[in-house]
Amino acid sequence: MEKGMRIAINTGGGDAPGLNAVIEAVVLSASNRNWEVYGIKNGYAGLLNTDEIIRLNPESVRHICNMGGTILGTTNKGNPFKMPITNVAGETEIRDVSDKVVENFRRLRFDCLIATGGDGSLQIAYDFYKKGMPVVCVPKTIDNDLGATVVTFGFDTAVSIATDAIDRLHSTAKSHERVMVVEVMGRHAGWIALNSGVSGAADVVLIPEIPFSIDKICDHIMEREIHGQHYAIVVVAEGAVPEGGRIMDKGKGEVGRQDVVLGGVGEFVAKEIALKTGKDTRSLVLGHLQRGGSPTTFDRLLALRFGAAAVRMVEQRNFGAMVALEPPDVKAVPLEQVIGSIKNVPAGSDTIKTAREIGISFGD
Ligand code: F6P
């Protein structure tokens, strides 16, 4: 009889609603095959210091699919190929500690790592695969910016939260005859801003894919004034850029961080609008609220399907690949086709066309 598999699972990068649903589905489907599943804490950190590896059994994960966050913890700083280590002189240097991870993985006799993460975590998983570690990946991000899958779990929840926030801003904006500027997440892609802005009936939506002009935004707001609409809602993606300007990165100096930490564009836009239109303007950053709490039904189901599909891929020894939604199916896509392919909102997007036709400005 074939020996039962020993699977390790980790969650990496920013958390996204649905991660616990993936863990639940992996553990339940693996247990049904009489396999063992071990949870690795905090991305890859748990494979460097192996003290906290936990055996996951059906009892410990049953119906955690409705819980936000991840029971395994996560980090967006722990790339074992570029690990910041503080030396005796107190200086931080970047070292490659990936051999140690592979050594521990083998010592613990794992047959496969199911790595759940966004573009950064997928790149790390691919690098480990190239070092001989059998990996199967599950894509996650609220930003929905991963190519090869039609959608990632976490996105639907983030859009629902942002839409609800925009809905709530209408009454206060109208009561005070103010411009309310709300900055939403999404990194270099405008999916969250676009989908929530259109659904929440924003007046202006600014996304990274369409550089904006402050004058055009103000024209739109003043045009509304003429028609008796003395308030406006502006939704700004954190990665939106002014024409000829640059992306706003507030992450410089965060130790161990290899990617940009975006933010500040909403405040910038609000100040410019106030200055140019003379209108009372307020800004808010929705921030991590978009990642918190229970996943929507759509995200739960997608994450459960991804987890079960990942276990199927392990069974088929289909390593170095990622699960992906290609409706109505969940398919396996080789990692080399996934790495580095960021999915932006296409110029000809039907949602952009719809938005323009119902009177929403993109500030262009
Ligand atoms: O990738 C998910 C995301 O929430 C982005 O939308 C955002 O730019 C980033 O993570 C924020 O990261 P952090 O959790 O480090 O603040």
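These numbers come from a predicted model, not from an experiment.

Trainee: Give a detailed account of the domain arrangement of the protein chain, specifying residues and quantitative values.
Mentor: What the domain assignment reports for the protein chain is domain 1 (6-153 + 295-327) and domain 2 (157-292 + 346-357). Between domain 1 and domain 2, the C-alpha centre-to-centre distance is 32 Å. Counting from both sides, the interface comprises 17 residues of domain 1 and, opposite them, 16 residues of domain 2. Interface area, domain 1 with domain 2, both sides summed: about 1,400 Å², of which 52% is carbon and sulfur. If you sort the residues of domain 1 by the area they bury against domain 2, Lys77, Ile142 and Asp143 come out on top, with a joint share of 38%. Applying the counting rule to domain 1 against domain 2 returns one salt bridge. The partner of arginine 291 in a salt bridge is aspartate 15, and the shortest N-O contact between them spans 2.8 Å. Our count for the domain 1 to domain 2 interface comes out at five residue pairs in polar contact (both at pLDDT 80 or more). Here the residues of the side of domain 1 that touches domain 2 sort into five nonpolar, six polar and six charged.

Trainee: Let's hear about the pairing of strand S12 (residues 321-326): which residues, and what values?
Mentor: Among the six residues that make up S12, five are buried, leaving the element largely enclosed by the rest of the structure. In this antiparallel pair of consecutive strands, S12 and strand S13 (residues 329-334), the connection spans two residues.

Trainee: Describe the packing of aromatic side chains, listing the residues and the values that go with them.
Mentor: Following the criterion strictly, the structure yields five aromatic pairs and no others. Taken together, a centroid distance of 5.7 Å and an interplanar angle of 55 degrees make the contact between phenylalanine 105 and phenylalanine 110 tilted. For phenylalanine 110, a relative accessible area of 7% corresponds to the buried category. Site record: aromatic cluster; members linked through ring pairs are Tyr38, Phe105 and Phe110. Above the face of the tryptophan 35 ring, arginine 33 is positioned so that its terminal group lies 5.7 Å from the ring centre. When the ring centre of tyrosine 231 is taken as origin, the NZ or CZ atom of arginine 224, which lies over that ring, is 5.1 Å away.

Trainee: Residue-level account of the sheet that holds strand S9 (residues 204-206), with values.
Mentor: Spatial ordering of the open sheet is given by S9-S10-S8-S11, a layout of four strands whose pairing is parallel. Across the chains shown, the open sheet's two edge strands, defined by having one partner strand only, are S9 and strand S11 (281-285). Direction aside, neighbouring strands of the sheet carry axes that sit 15 degrees apart on average. Summarising the sheet, strand S8 (residues 179-184) and strand S10 (residues 232-237) pair through six bridges and their orientation is parallel. Opposite valine 184, over in S10, you have alanine 237 as the bridge partner. Along the sheet, helix H8 (residues 265-277) makes contact with S8, S9, S10 and S11, crossing S8 at roughly 160 degrees.

Trainee: I'd like a description of the environment of phenylalanine 362, backed by residues and values.
Mentor: Assignment of secondary structure puts phenylalanine 362 in the segment after helix H10 (350-357). For phenylalanine 362, a relative accessible area of 0% gives the class buried. Those residues in contact with phenylalanine 362 that sit more than four places away from it in its chain are Leu194, Val205, Leu206, Ile207, Ile210, Phe212, Ile352, Ala355 and Arg356.

Trainee: Can you tell me about the nonpolar core, naming the residues and giving the values?
Mentor: Grouped together as the largest cluster of nonpolar side chains are 69 residues, with contacts concentrated most on Ile114 and Val314. Counting residues in each nonpolar core, the second largest holds 27 residues, with Tyr126, Val135, Leu335 and Val338 among its members.

Trainee: Provide a residue-level description of helix H4 (residues 119-130), including the pertinent values.
Mentor: Between the first and last C-alpha of H4 there are 17 Å, a value that for twelve residues agrees with the 16 Å anticipated at 1.5 Å per step. Listed as buried for H4 are Ser121, Leu122, Ile124, Ala125, Tyr126, Asp127 and Phe128. Turning to H4, the residues buried within the fold contact helix H3 (98-107), strand S6 (112-117), strand S7 (135-139) and S12.

Trainee: Any details on the pairing of strand S5 (residues 92-95)? Residues and values, ideally.
Mentor: Taken together, the four bridges between strand S4 (residues 83-86) and S5 define a ladder with antiparallel strand orientation. Note that in S5 the partner of isoleucine 85 across the bridge is glutamate 93. Between the antiparallel neighbours S4 and S5 lie five residues, among them glycine 90 with a positive phi of about 85 degrees.

The rules behind the values
- Residues numbered from 1 in each chain as written.
- Predicted model: local features only at pLDDT ≥ 70, side-chain atom pairs only at ≥ 80, totals over all residues.
- Heavy atoms only, no water.
- Domains from an automatic or database assignment.
- Contact = heavy atoms within 4.5 Å.
- Buried area = accessible area lost by both parts, 1.4 Å probe.
- Salt bridge = Lys/Arg side-chain N within 4 Å of Asp/Glu carboxyl O.
- Polar contact = N/O pair within 3.5 Å; in protein donor to acceptor, adjacent residues only side chain to side chain.
- Nonpolar A, V, L, I, M, F, W, Y, C, P; charged D, E, K, R; others polar.
- Buried < 20%, exposed > 50% of the residue type's maximum accessible area, 1.4 Å probe, protein only.
- Helix = DSSP H or I, 4+ residues; strand = E, 2+ residues; numbered from the N terminus.
- Pairing = 2+ DSSP bridges.
- Phe/Tyr/Trp six-rings, centres within 6.5 Å; stacked < 30°, edge-to-face > 60°.
- Lys NZ or Arg CZ within 6 Å of the ring centre and 35° of its normal.
- Axes fitted to C-alpha atoms, helices over the stretch in contact; angles between N-to-C directions.
- Core = buried A, V, L, I, M, F, W, Y, C linked by side-chain atoms within 4.5 Å.
- Expected span 1.5 Å × (residues − 1).

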